[in-house]
Amino acid sequence: MTIRLMNGDLLEAEEDILGHQVNCQGVMGSGIAKILRDRYPNLYPEYKKYCEQHTPDELLGHCQLVQTGAKYTANLFGQLNYGKSKTRYTDYAALEQALTILKTEAQAKGLSVALPYNIGCGLANGEWSVVEQMIGKVFADYEVTLYKIYIICTLYFCYL
């Protein structure tokens, strides 16, 4: 496996492509999607336009690369819906397909890839053991870096 684990912020990654999971409903309202939406003003309009060109079911498994500044952001359509219930929103087959497309695109362009540690397992309620194994399978022959945000707490402050 060629997975590197880094403690740090995905948004500060040196890699060329920052990948993250998105839903197929045209909403980037929380989690890393919202953070990326706020950071890169062109990301959300491109995502919305892409969503409007397909039905939600058609989007599952797609990977949309969007130029965001000097880097790319990869919208990985790995969940049909979103919500706040304990439902597993991550569709494992769709996420694997999107990751495979991402790897193929990155290889063709000679670009490096970064993903958030625990992708598809936070708000989308996927199981990390399943997703980690999937990432290992997809990126068996191409390096990917997983960024794990860490928090250091002292008596008075917490730092990311």
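Residues numbered from 1 in each chain as written. Predicted model: local features only at pLDDT ≥ 70, side-chain atom pairs only at ≥ 80, totals over all residues. Heavy atoms only, no water.

Under an unreviewed UniProt entry, the protein has the name Macro domain-containing protein and belongs to Paenibacillus tritici.

**Description of helix α2 (residues 43-52)**
Three or four residues apart is the spacing at which side chains of an α-helix point the same way, because the helix has 3.6 residues per turn. Within the span of α2, buried status applies to Leu43, Tyr44, Tyr47, Tyr50 and Cys51. Down the axis of α2, the buried side of the element spans an arc of 125°, and every buried residue falls inside it. (Buried < 20%, exposed > 50% of the residue type's maximum accessible area, 1.4 Å probe, protein only. Helix = DSSP H or I, 4+ residues; strand = E, 2+ residues; numbered from the N terminus. Arc of directions from axis to C-beta.)

**So, the pairing of strand β4 (residues 71-79)**
Most of β4 is tucked away, with eight of its nine residues classed as buried. The turn joining strand β3 (residues 63-68) and β4, which pair antiparallel and follow one another in sequence, is formed by two residues; a positive phi near 70° is taken by glycine 69. (Pairing = 2+ DSSP bridges.)

**Overview of the nonpolar core**
As a rule of thumb, nonpolar side chains are buried together in soluble globular proteins. Leu76, Leu99, Leu102, Val113, Leu115, Ile135 and Phe139 are the most contacted members of the largest nonpolar core, which has 24 residues in total. Contributions of two or more residues to this core are made by β4, α4 (92-109), β5 (113-116), α5 (128-138) and β6 (144-148). Counting residues per element, this core draws most heavily on α4, which supplies six residues. Those residues in contact with phenylalanine 139, other than ones at most four positions away along the chain, are Thr2, Leu99, Leu102, Lys103, Val113, Leu115 and Val144. One finds Cys24, Met28, Leu36 and Leu43 within the second-largest nonpolar core, a separate group that totals 22 residues. (Core = buried A, V, L, I, M, F, W, Y, C linked by side-chain atoms within 4.5 Å. Contact = heavy atoms within 4.5 Å.)

**With respect to the pattern of salt bridges**
Applying the stated criterion across every chain yields a total of seven salt bridges. Of the charged contacts in the structure, one is a salt bridge between glutamate 12 and arginine 39, with a shortest N-O distance of 3.6 Å. Residue glutamate 12 is located in the loop between β1 (3-7) and β2 (17-23), and its partner arginine 39 is located in helix α1 (residues 31-39); the two are separated by 27 residues in the primary sequence. We classify glutamate 12 as exposed; its relative accessible area is 55%. Among the residues examined, arginine 39 registers a relative accessible area of 38% and is labelled partly exposed. Between lysine 137 and glutamate 96 there is a salt bridge, with the nearest N and O atoms lying 2.8 Å from each other. Of this pair, lysine 137 sits in helix α5 while glutamate 96 is found in helix α4, placing the two residues 41 residues apart along the sequence. By relative accessible area, lysine 137 is classed as exposed at 58%. (Salt bridge = Lys/Arg side-chain N within 4 Å of Asp/Glu carboxyl O.)

**Thoughts on the environment of threonine 68**
Position of threonine 68 among the secondary structure elements: in strand β3. Of the residues examined, threonine 68 reaches a relative accessible area of 2% and is grouped as buried. For the pair threonine 68 and isoleucine 17, spaced 51 residues apart in the sequence, the C-alpha separation amounts to 9.4 Å. In this structure, threonine 68 is in contact with Tyr40, Asn42, Leu43 and Thr73, ignoring residues within four places of it in sequence. Polar contacts involving the side chain of threonine 68 include one to the side chain of threonine 73, which spans 2.9 Å. (Polar contact = N/O pair within 3.5 Å; in protein donor to acceptor, adjacent residues only side chain to side chain.)

**Focus: unusual backbone geometry**
A positive phi angle, close to 80°, is found at asparagine 118, a residue other than glycine. Assignment of secondary structure puts asparagine 118 in the loop between β5 and α5. Judged by its relative accessible area of 29%, asparagine 118 is partly exposed. You will see that asparagine 125, though not glycine, has its phi angle at about 60°, which is positive. Relative to the helices and strands, asparagine 125 is located in the loop between β5 and α5. In this structure asparagine 125 comes out as partly exposed when scored by relative accessible area, which is 25%.

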